[in-house]
Amino acid sequence: MPNALALTFDNLGEAADLERGLWPADRPLGRHPSVTTALPRLLDELDALELRATFCVEALNCELYPAAIADIAARGHELALHGWRHEAWATLPGDREDELLDRGRRAFSALGVDVRGFRPPGGELTAQSPQRLAAHGFRWCSPAGGPVGVRARLAYVPFRWERVDAYHVLTSFAALRERRGGRGEAVDYAAAARRLLGGLEAEGEPAGPVTLVLHPFLMTPEPAWRAARRVLGRIAELRDGGSRRVVPVGEIAAGLAADRG
């Protein structure tokens, strides 16, 4: 799908902090600012710009924030599984992977949402993930790196770390930035927005789709929200100018499957 841009959002709520043991035991659940503050204004902005996106969400949020999950779906966006609570996916044993894929799909299904896409937390799949995903009814996955295409009944729509907001602004990505030949220092939100947009605008006419990954939890400070709005606004301009087709990942995956015949 030439010129396609998949606008995606990863993570929601306190799921990742719970998984990493960072959430205080005495702190109540269900009030995370990524859901109470960032998500409502993000959804309103997407509505205003008429942008459709893919939200890769940990399935625990179906229990903690069912109304938010329902609102994302009701506004016409695609939902995809991002683990149960952001497990380090590449390290999972096979039986645990099966358990989480099944549990995650059932949690979304209980809210009337049929998820068919998967983005592995951490970006990496296990060796058996493709077969397990297909067996559980998933149609596409979006790992870090690798070619776009269809393999073993599964469409691959990968992302590149340079097109992830967190990669540029979080100190926890310093080692990854250095391994990839960049500088270890994080940048501010405005600089990260310039990097994301520069990459998009420099692509010209790519042979395949481009995937952009943003995080609602990074949009709670006002400077971060202003930077995110700049990115979203420019994406809408690129669409309106005809240089980008902005579509959910599932549409790209369906096109890949159709092309394969």
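How each quantity is defined
Residues numbered from 1 in each chain as written. Predicted model: local features only at pLDDT ≥ 70, side-chain atom pairs only at ≥ 80, totals over all residues. Heavy atoms only, no water. Axes fitted to C-alpha atoms, helices over the stretch in contact; angles between N-to-C directions. Helix = DSSP H or I, 4+ residues; strand = E, 2+ residues; numbered from the N terminus. Parallel < 35°, antiparallel > 145°, perpendicular 65-115°, else oblique. Left-handed = near helix turned anticlockwise from the far one by under 90°. Contact = heavy atoms within 4.5 Å. Nonpolar A, V, L, I, M, F, W, Y, C, P; charged D, E, K, R; others polar. Expected span 1.5 Å × (residues − 1). Buried < 20%, exposed > 50% of the residue type's maximum accessible area, 1.4 Å probe, protein only. Arc of directions from axis to C-beta. Salt bridge = Lys/Arg side-chain N within 4 Å of Asp/Glu carboxyl O. Pairing = 2+ DSSP bridges. Polar contact = N/O pair within 3.5 Å; in protein donor to acceptor, adjacent residues only side chain to side chain.

Q: Just to check I follow, could you spell out the packing of helix 2 (residues 33-49) against helix 10 (residues 222-240) for this structure?
A: Between two packed helices, the angle of one axis relative to the other and the distance separating the axes together describe the packing. At a minimum axis distance of 10 Å, the contact between helix 2 and helix 10 shows a crossing angle of 20°. By the angle class used here, helix 2 and helix 10 are roughly parallel. Pair helix 2 / helix 10 crosses with right-handed handedness. Between helix 2, through Arg-41, Leu-42, Glu-45, Leu-46 and Leu-49, and helix 10, the contact on the second element is made entirely by Glu-222, Trp-225, Arg-229, Leu-232, Gly-233, Ala-236 and Arg-239. A class-by-class count of the residues in the contact of helix 2 with helix 10 yields 6 nonpolar, 1 polar and 5 charged.

Q: Looking at this model, I keep getting lost on helix 11 (residues 249-260). Mind explaining?
A: Each turn of an α-helix holds 3.6 residues, which means side chains three or four residues apart point in the same direction. The terminal C-alpha atoms of helix 11 lie 17 Å apart, and with 12 residues this matches the ideal 16 Å at 1.5 Å per residue to within 8%. Among the residues making up helix 11, those that are buried are Val-249, Gly-250, Ile-252, Ala-253 and Leu-256. The buried residues of helix 11 occupy an angular sector of 160° when projected down its axis, which confines them to one face. Across from the buried face of helix 11, at angles greater than 90 degrees, the exposed residues are Ala-258 and Asp-259. Residues of helix 11 that are buried sit in contact with strand 1 (4-10), strand 2 (54-57), strand 3 (78-81), strand 5 (140-141), strand 6 (149-151) and strand 7 (154-156).

Q: Got a minute to help me understand the environment of Ala-144 in this structure?
A: For Ala-144, the position within the fold is in the loop between strand 5 and strand 6. On the basis of relative accessibility, which here comes to 16%, the residue Ala-144 falls in the buried class. Residues Ala-144 and Ala-15, 129 residues apart in the sequence, show an inter-C-alpha distance of 21 Å. Setting aside residues up to four positions removed in sequence, Ala-144 forms contacts with Gly-123, Glu-124, Phe-159 and Trp-161.

Q: Looking at this structure, I do not really get the pattern of salt bridges. What am I missing?
A: Pairs may arise between side chains of opposite charge once their charged atoms sit close together. Following the criterion strictly, the structure yields 19 salt bridges and no others. Residue Arg-132 is joined to Asp-98 by a salt bridge in which the shortest nitrogen-to-oxygen separation is 2.5 Å. With Arg-132 in helix 6 (residues 129-135) and Asp-98 in helix 5 (residues 94-109), this residue pair connects regions lying 34 residues apart in the sequence. In this structure, Arg-160 and Glu-162 form a salt bridge, with 3.9 Å as the shortest nitrogen-oxygen distance. Given the relative accessible area of 25%, Glu-162 is considered partly exposed. Members of the salt-bridge network, linked through shared partners, are Asp-44, Asp-47, Asp-71 and Arg-75.

Q: Hey, could you run me through the pairing of strand 1 in this one?
A: Looking along a regular strand, one sees the side chains alternate between the two faces of the sheet. The element strand 1 is extensively covered by neighbouring structure, given that 7 of its 7 residues are classed as buried. Burial of strand 1 is two-sided: the residues Ala-4, Ala-6, Thr-8 and Asp-10 facing one way and the residues Leu-5, Leu-7 and Phe-9 facing the other way are all buried. Strand direction decides the pairing type here: strand 1 and strand 9 (residues 245-246), joined by 2 bridges, are parallel. Considered in strand 9, the bridge of Leu-5 is made with Val-246. Judged from the 5 bridges that link them, strand 1 and strand 8 (residues 210-214) form a sheet pairing that is parallel. Residue pairing for strand 8: Leu-7 is matched across the bridge by Leu-212. As paired elements, strand 1 and strand 2 share 3 bridges and run parallel to each other. The partner of Asp-10 across the bridge, within strand 2, is Cys-56.

Q: Got a minute to help me understand helix 5 in this structure?
A: Over its 16 residues, helix 5 extends 23 Å from the first C-alpha to the last, a length consistent with the 22 Å expected when each residue adds 1.5 Å. Every buried residue of helix 5 is listed here: Glu-97, Leu-100, Leu-101, Gly-104, Arg-105, Ala-107 and Phe-108. Down the axis, helix 5 shows its buried residues gathered within 160° of arc, on one side only. Turned more than 90 degrees away from the buried face of helix 5, the exposed residues are Asp-95 and Arg-106.

Q: Even after reading the chapter, I still don't get the pairing of strand 3, so can you show me in this structure?
A: The alternating pattern of strand 3 places Glu-78 and Ala-80 and Leu-79 and Leu-81 on opposite faces, both of which are buried. Here 4 bridges tie strand 2 to strand 3, and the two strands are oriented parallel to one another. In the strand pairing of strand 3, Cys-56 is matched with Ala-80.

Q: Where do I start with the environment of Arg-116 in this structure?
A: In this structure, Arg-116 sits in the loop between helix 5 and strand 4 (117-118). In this structure the C-alpha to C-alpha distance between Arg-116 and His-136, which are 20 residues apart in sequence, comes to 9.0 Å. In contact with Arg-116, not counting residues within four places along its chain, are Arg-105, Gly-137, Phe-138, Arg-139 and Trp-140. Within polar-contact distance, the side chain of Arg-116 engages the side chain of Asp-114 at 3.1 Å.

Don't take any of this as a statement about function, it's just geometry.
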